Amino acid sequence: MNDLSTPVSPGPGSPTATVLAVDGVVAVYPAPTPLGTLAALGSLLGDTPVREQPRAEITVTAGAEGPVLTARIGTRQDAGAAATARSVADALLLQHPGAQISVKVSRIERTVAP
């Protein structure tokens, strides 16, 4: 099962691998689904968990002017969420010229000094 706590490993050359290679990105998360929301709510209420099929971390949909790629990322606090999101968009545009890119920051992780 794939949820916000267990991202799927990306294949080489995939959009997910491209995003994970960007400095400041710590994770790529799949888009939430109604079934996933119900499963999370059910687990909070103590119901039997609902199993979802693994889903793509970078969603691709058809837009009016071409494909739309949407990425949901986790960033490091010290990297700056906005700058990291811009870098992700630039990396995806290099891989998919002409596509519309949407980057959503789902989580900002605090950096702890060693």
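Residues numbered from 1 in each chain as written. Predicted model: local features only at pLDDT ≥ 70, side-chain atom pairs only at ≥ 80, totals over all residues. Heavy atoms only, no water.

Chemist: Would you mind going over the environment of Gly63 in detail, with residue names and values included?
Modeler: Structurally, Gly63 can be placed in strand 2 (residues 58-63). Counting along the chain gives 36 residues from Gly63 to Ala99, while the straight-line C-alpha distance between them is 8.9 Å. (Helix = DSSP H or I, 4+ residues; strand = E, 2+ residues; numbered from the N terminus.)

Chemist: Can you tell me about the environment of Ala83, naming the residues and giving the values?
Modeler: Residue position: Ala83 is located in helix 3 (residues 81-95). What makes Ala83 partly exposed here is its relative accessible area of 34%. Along the sequence, Ala83 and Asp23 sit 60 residues apart, while their C-alpha atoms lie 9.9 Å from each other. (Buried < 20%, exposed > 50% of the residue type's maximum accessible area, 1.4 Å probe, protein only.)

Chemist: An account of helix 3 is requested, with residue identities and associated values reported.
Modeler: Taking 1.5 Å per residue as the helical rise, helix 3 with its 15 residues ought to reach 21 Å, and the 21 Å between its terminal C-alpha atoms agrees with that figure. The complete set of buried residues in helix 3 reads Thr84, Ala85, Val88, Ala89, Ala91 and Leu92. Angular distribution of buried residues about the axis of helix 3 spans 165 degrees; they occupy a single face of the element. Exposed residues pointing more than 90 degrees away from the buried face of helix 3 are listed as Arg86 and Leu94. (Expected span 1.5 Å × (residues − 1). Arc of directions from axis to C-beta.)

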